[in-house]
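These are the residues of each chain, in order.
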Amino acid sequence: MNIPMSQRLEFPIEYSFDPEAQVIIATVPSLNHISSFGKDFAEAENNIIEAVLAYIESLQKDELPITQDCASTTGTLLAIELVL
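Just so we're clear, the structure is a prediction, and the values are computed from it rather than from any experiment.

(A) Summary view of the overall build of the chain. When helices and strands are tallied, the chain shows one helix and four strands. Listing each helix as α and each strand as β along the chain from the N terminus yields β-β-β-α-β. Here the chain, with 84 residues, has 29% of them falling under the buried criterion. Here the contacts in the chain between residues at least 6 apart in sequence split such that 52% fall between residues at least 24 apart. With an accessible surface of roughly 5500 Å², the chain has 51% of that area assigned to carbon and sulfur atoms.

Spelled out as structure tokens, the structure:
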């Protein structure tokens, strides 16, 4: 797969609250619904970025395409600058 040296990727991200665990859950539906959590939005966002980067690294290692389903024009977008 040929990826430019720098590529900006954007993925819709969904947040929810788990009242039992008292954590914010961040999910990226367009990347196989990967998710992570944190005690607040900042921690959940940092953790989901880490998870997305690991997932993208795995896709690249296996030479699989990185899907970018940005059909949603509302809500929060997770923007990642991918540098190789």
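(B) Region of interest: the pairing of strand β2 (residues 23–28). Burial of β2 is extensive: five of the six residues sit out of reach of the surface. In terms of strand pairing, strand β1 (residues 6–18) meets β2 through five bridges, oriented antiparallel. Bridge pairing in β2 places tyrosine 15 opposite alanine 26. Turn length for the β1-β2 hairpin, with the two strands adjacent in sequence and antiparallel, is four residues, and the turn residue glutamine 22 shows positive phi of about 60 degrees. The antiparallel hairpin formed by β2 and strand β3 (residues 34–38) contains five residues in its connecting segment, where asparagine 32 sits at a positive phi of about 60 degrees.

(C) Structural view of the environment of alanine 26. With respect to the helices and strands, the residue alanine 26 is situated in strand β2. Residue contacts for alanine 26: discarding those within four places in its chain leaves Ile13, Glu14, Tyr15, Ile34, Ser35, Ser36, Ala44 and Ile48.

(D) Broad picture of unusual backbone geometry. At histidine 33, a residue that is not glycine, the phi angle is positive and equals roughly 55 degrees. For histidine 33, the location among the structural elements is in the loop between β2 and β3. In this structure, glutamate 63 takes a positive phi of about 55 degrees despite not being glycine. Mapped onto the fold, glutamate 63 is located in the loop between α1 (41–61) and β4 (76–83).

(E) Inspection of the environment of phenylalanine 11 at higher detail. Mapping phenylalanine 11 onto the fold places it in strand β1. Among the residues examined, phenylalanine 11 registers a relative accessible area of 0% and is labelled buried. For the pair phenylalanine 11 and threonine 67, spaced 56 residues apart in the sequence, the C-alpha separation amounts to 9.0 Å.

(F) A look at the confidence of the model for the chain. For the chain, mean pLDDT is 84; residues scoring 70 or higher make up 82% of the total. Looking at the elements of the chain, mean pLDDT is at its lowest for β4, recorded as 74, and at its highest for β3, recorded as 97.

What counts, and at which threshold
- Numbers given to residues run from 1 along each chain, matching the order in which its sequence is written.
- At least 70 in pLDDT is required for a residue's local features to be given in this predicted model, at least 80 for side-chain atom pairs to be given and counted, and no such filter applies to totals for whole chains, interfaces and linings, which use all residues.
- Neither water nor hydrogens contribute to the side-chain values; these are computed over all heavy atoms in the structure.
- Numbering of helices and strands starts at the N terminus; helices are DSSP runs of H or I of at least 4 residues and strands are runs of E of at least 2.
- Accessibility here uses a 1.4 Å probe with only protein chains present; expressed as a share of the type maximum, an area under 20% marks a residue as buried, one over 50% as exposed, and anything in between as partly exposed.
- Contact definition: two residues touch when any of their heavy atoms are within 4.5 Å.
- Methods summary: accessible areas were calculated by the Shrake-Rupley approach with a probe of 1.4 Å, and residue burial reflects only the protein chains presented.
- Pairing between strands is defined by DSSP: at least two bridges between them are needed.
- For every residue, the predictor states its confidence as a pLDDT score lying anywhere from 0 to 100.

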